[in-house]
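Descriptive analysis of the structure
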Amino acid sequence: MTKKTVEVTAAVIVKDGKVLAARRGSGKHLEGYWEFPGGKLENDETPEECLERELTEEFSISSRVGAYIGESVYDYGEKVVRLLAYEVEHTAGSFELVDHDEVRWLEIDQLGDVEWAPADIPLVEDYEARARAIGYYLTNAIEYCEETSQFEVGHLYPPFLKHLTPGAHILDLGCGSGRDSKAFREMGFEVTSVDGVAEIASWASKFMGHPVAVKSFQQIDYREEFDGVWASASLLHCPRAQIHDVMSRIAKALKPDGLAYLSFKWGEDDTVDELGRHFTNYTTRTLRGVIEKLELFSVLDLWSESVVLRGSEQKWTNALLRRVA
């Protein structure tokens, strides 16, 4: 007998760099466990409507639901829970506890201090990885941009650009210093540049003399606007659980038969560097598996290469994809 899957929403509420965690009250399902607050979707209710309703009922607060973050699926035995997480802004009201007996605002380093509900654990790990990466780039935005703007990556352009017509529209997703956006614009292409860190976007805008939109991967909502998407060394910080959603968003942003270039550090497993940044790594084999499972792209080329960066040799995985019309 197939188990029932229940769709539940989760609010990741962040204030002053701290995330809200709520503990399930006595007598409640999963009592004593901590969670991102939310609740079960009702009939004909969107996740956004559900979250706003649940947060009002559970805490008597007003809220504004932002970008979709990702999902977690967990089998609790009697049922399977599909947990849908969203960024949420607390806009008004003081927290009054109904289903919970305590709330805490946790720093990144405190997330492991509480016992999370099993379905929430992957979302907590994804949030932690994302927050640490953003924290690094916030602190080191200028140094990062000055350094990477000088990297020589011109050999990667021809395999991508040869499939595009003159003046084609390119989305530079996670543009960083703006190095590639600047090069494409100088070649006569129309370029839309986005980055998830405001400080980096500001530096890049000045560097190339063109605006840069501040958007995370999860906030990309373009529809068939681009001939090509350039995601060079940007998706490597995207948590693995969110890769499918982000790549689906890339496909939707492309025109039929549009082109996408992606690059990741080569590796069988994810890694965390000495700066605390999480890296989602792929080999050519594992990346091909992700692409084939999505069924949104055909593979034009998939290759690995070794390059010298910061005085050491690094191996990278590259993919050139075409959106399936």
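Please refer to the structure placed before this passage.
Residues numbered from 1 in each chain as written. Predicted model: local features only at pLDDT ≥ 70, side-chain atom pairs only at ≥ 80, totals over all residues. Heavy atoms only, no water.

1. So, the overall build of the chain
Broken down by element type, the chain carries eight helices and 15 strands. What you see for the chain is a C-alpha radius of gyration of 21 Å, in line with the 20 Å of a compact globule of 325 residues. Viewed in the frame of its principal axes, the chain has a C-alpha envelope of about 65 × 45 × 35 Å. Considering the chain as a whole, with its 325 residues, one finds that 50% of them fall into the buried category. For the chain, the proportion of contacts with a sequence separation of at least 24, taken over those separated by at least 6, is 65%. (Helix = DSSP H or I, 4+ residues; strand = E, 2+ residues; numbered from the N terminus. Rg over C-alpha atoms; globule rule 2.2 N^0.38 Å. Buried < 20%, exposed > 50% of the residue type's maximum accessible area, 1.4 Å probe, protein only. Contact = heavy atoms within 4.5 Å.)

2. A look at the pairing of strand 15 (residues 312–323)
As paired elements, strand 11 (residues 254–265) and strand 15 share seven bridges and run antiparallel to each other. Each residue of the ladder has a partner; that of Ser263, found in strand 15, is Asn318. Bridge analysis of strand 14 (residues 297–309) against strand 15 gives twelve bridges, and the strand direction is antiparallel. Considered in strand 15, the bridge of Ser298 is made with Arg322. (Pairing = 2+ DSSP bridges.)

3. Observations regarding the pattern of salt bridges
For the structure shown, the criterion picks out 26 salt bridges. Ionic pairing is found between Glu89 and Arg64, a salt bridge with its closest N-O pair at 2.7 Å. Pair noted here: Glu89 is in strand 5 (residues 80–92) and Arg64 is in strand 4 (residues 62–75), with a separation of 25 residues, a long-range link. Take Glu89: its relative accessible area is 42%, and that puts it in the partly exposed class. (Salt bridge = Lys/Arg side-chain N within 4 Å of Asp/Glu carboxyl O.)

4. Looking at the sheet that holds strand 10 (residues 226–231)
Read from one edge of the open sheet, seven strands run 9-8-7-10-11-15-14, paired in mixed fashion. Looking at strand neighbours, the two that pair on one side only are strand 9 (213–214) and strand 14, the edges of this open sheet. As paired strands, strand 8 (residues 190–195) and strand 9 are joined by two bridges and run parallel to one another. Pairing of Val194 across the sheet is with Ala213, part of strand 9. Sheet strands in contact with helix 5 (residues 179–186) are strand 7 (169–173), strand 8 and strand 10, and its direction is about 170 degrees off that of strand 8. Sheet strands in contact with helix 8 (residues 284–294) are strand 11, strand 14 and strand 15, and its direction is about 150 degrees off that of strand 14. (Axes fitted to C-alpha atoms, helices over the stretch in contact; angles between N-to-C directions.)

5. Concerning the environment of Val324
With respect to the helices, strands and loops of the structure, Val324 is situated in the segment after strand 15. Put simply, Val324 and His244 are 80 residues apart on the chain and 15 Å apart in space, counted from C-alpha to C-alpha. Not counting the four nearest positions on each side in its chain, Val324 is found in contact with Glu295, Leu296, Phe297 and Ser298.

6. A look at the packing of aromatic side chains
Enumeration according to the criterion identifies 17 aromatic pairs in this entry. The interplanar angle of 50 degrees and the centroid separation of 5.1 Å between the aromatic rings of Phe36 and Trp116 together place this pair among those described as tilted. Highlighted residues: Phe36 in the loop between strand 3 (34–35) and helix 1 (47–59) and Trp116 in the loop between strand 6 (100–106) and helix 2 (121–139), separated in sequence by 80 residues. Taken individually, Phe36 and Trp116 each receive the classification buried, so the pair is uniform in this respect. Summarising the aromatic geometry, the rings of Tyr261 and Trp303 are spaced 6.3 Å apart at their centres and angled 35 degrees between planes, so their arrangement reads as tilted. One end of the pair, Tyr261, is in strand 11; the other, Trp303, is in strand 14, and 42 residues separate them in sequence. A relative accessible area of 1% means that Tyr261 is categorised as buried. Feature note: the residues Tyr157, Phe160, Phe184, Trp230, Tyr261 and Trp303 constitute an aromatic cluster, connected by ring pairs. Positioned above the aromatic ring of Trp105 is the side chain of Lys15, whose terminal nitrogen or guanidinium carbon lies 4.5 Å from the ring centre. Over the ring of Trp266 we find Lys315, and its NZ or CZ is 4.3 Å from the ring centre. (Phe/Tyr/Trp six-rings, centres within 6.5 Å; stacked < 30°, edge-to-face > 60°. Lys NZ or Arg CZ within 6 Å of the ring centre and 35° of its normal.)

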